[in-house]
Amino acid sequence: MCGTCGCPSHQAGGAGRAEDPERGRVITLERDLLAANDAVAARNRERLAAADTLAVNLMAGPGAGKTTLLVATITALAGGVPVAVVEGDQATDLDAARIRATGVPARQITTGKACHLDAAMIARALDDGIAPAHGVLFVENVGNLVCPAGFDLGEAAKVVVASVPEGDDKPLKYPDIFAAADLVLVNKCDLLAHVAFDLERFTAAARRLAPAVAVLAVSATSGAGLGVWLDWLARRRARLHAAA
Ligand SMILES: Nc1nc2c(ncn2[C@@H]2O[C@H](COP(=O)(O)OP(=O)(O)OP(=O)(O)O)[C@@H](O)[C@H]2O)c(=O)[nH]1
Ligand SMILES: [Mg+2]
């Protein structure tokens, strides 16, 4: 397990030496932890579907612009859709405060040593009634391009937020999270003129991992591309509603 967070996702699918009994026990424990998480996530998914709530798990590296994008999205939705946010951070409730300043409910989860949210954390937030019926529950995962990929939260969609200053090589370097993505947003596209970032190369790399994935360039600060992102959300809400 990861020495920092005890996260099993790093090694659960990895190669263990069968002749090493201790390694075998660790792999079994890690698989059990992920299976337990998946069971809670399945229950979360049922609860969210029953409430007709679209849950969207935003995953990205630190500073990619998740909270800024959420604030811009909430502002653009302008009260037309019930929205709430679960904020995951290692420490502080700074991001939850930014969300609450828009008038939308936010529940901060501080994870301490853990580097990702898990399904049990989301289940507790659901117990507290955070999910808006017939609306959207955004989950801002802990800023990390590795560990969140392994943990199903019960969301309807995983959205990976990359950003222009991070570089166009991120899908190649962090394949698991891009392989899991239902949508990739390339944020800070207002900086494309100033930073060496090849959007075509980035998109091709992301599609090698998730062949059908849509890649949308957006800017949370200028508003560019936000309409396409809002349309994507509306389609996913309609799909969830139709399946109910
Ligand atoms: N130029 C530009 N800056 C942006 C954009 N979106 C966010 N930023 C800036 O990027 C920095 C980080 O933004 P946050 O929204 O806090 O990023 P985050 O992903 O929520 O960060 P963590 O929660 O710490 O992982 C801030 O200085 C934002 O103003 C954008 O579209 N363009
Ligand atoms: Mg944030």
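Here the structure is a predicted model, which is why all the values come from computation and not from measurement. (Residues numbered from 1 in each chain as written. Chains lettered and ligands numbered in written order. Predicted model: local features only at pLDDT ≥ 70, side-chain atom pairs only at ≥ 80, totals over all residues.)

**Student:** Would you explain the overall build of the protein in this entry?
**Tutor:** Of the regular secondary structure elements, the protein holds eight helices and seven strands. By the compact-globule yardstick of 18 Å for 244 residues, the protein fits well, its C-alpha radius of gyration being 18 Å. With respect to the principal axes defined by its C-alpha atoms, the protein has extents near 55 × 45 × 35 Å. The proportion of buried residues among the 244 residues of the protein is 43%. Sequence separation of at least 24 residues holds for 73% of the intrachain contacts in the protein that already meet a minimum separation of 6. (Helix = DSSP H or I, 4+ residues; strand = E, 2+ residues; numbered from the N terminus. Rg over C-alpha atoms; globule rule 2.2 N^0.38 Å. Buried ≥ 20, exposed ≤ 12 C-beta atoms within 10 Å, placed from the backbone. Contact = placed C-beta atoms within 7 Å.)

**Student:** What am I meant to see in unusual backbone geometry here?
**Tutor:** Apart from glycine, the bulk of residues carry a negative phi angle, and the bulk of peptide bonds sit in the trans form. The backbone phi angle of Ala78 is positive, close to 45°, even though this residue is not glycine. With respect to the secondary-structure elements, Ala78 resides in the loop between α2 (66–77) and β2 (83–89). Assessed through the 7 C-beta atoms surrounding it within 10 Å, Ala78 is described here as exposed. For Lys188, which is not glycine, the phi torsion reads 65° and is therefore positive.

**Student:** Looking at this model, I keep getting lost on the site of ligand 1. Mind explaining?
**Tutor:** Inspection of the region around ligand 1 gives 17 residues, with Gly65, Lys66, Thr67, Thr68 and Gly143 positioned closest. For the shell around ligand 1, the element with the most residues is α2, which contributes three residues. In terms of residue class, the shell around ligand 1 is built from five nonpolar, eight polar and four charged. (Near = placed C-beta within 6 Å. Nonpolar A, V, L, I, M, F, W, Y, C, P; charged D, E, K, R; others polar.)

**Student:** Quick question: what am I supposed to make of the packing of helix α1 (residues 21–50) against helix α4 (residues 119–127) here?
**Tutor:** To characterise two packed helices, one gives the angle between the axes of the helices and the distance between these axes. Close contact between α1 and α4 brings their axes to 8 Å; oriented N to C, the two are set at 30°. Of the two elements, α1 crosses α4, and the hand of that crossing is left-handed. Contacts between α1 and α4 pair Asn37, Val40, Ala41, Arg43, Asn44 and Arg47 from the former with Ala119, Ala120, Ile122, Ala123 and Leu126 from the latter. Within the contact of α1 with α4, the residues separate by chemical class into seven nonpolar, two polar and two charged. (Axes fitted to C-alpha atoms, helices over the stretch in contact; angles between N-to-C directions. Left-handed = near helix turned anticlockwise from the far one by under 90°.)

**Student:** How should I be thinking about the nonpolar core in this particular structure?
**Tutor:** One broad trend across soluble globular proteins is that nonpolar side chains are buried collectively. Grouped together as the largest cluster of nonpolar side chains are 66 residues, with contacts concentrated most on Val139, Val160, Val184 and Val186. Looking at which element gives the most residues to this core, the answer is strand β1 (residues 54–60), with six residues. (Core = buried A, V, L, I, M, F, W, Y, C linked by C-beta atoms within 7 Å.)

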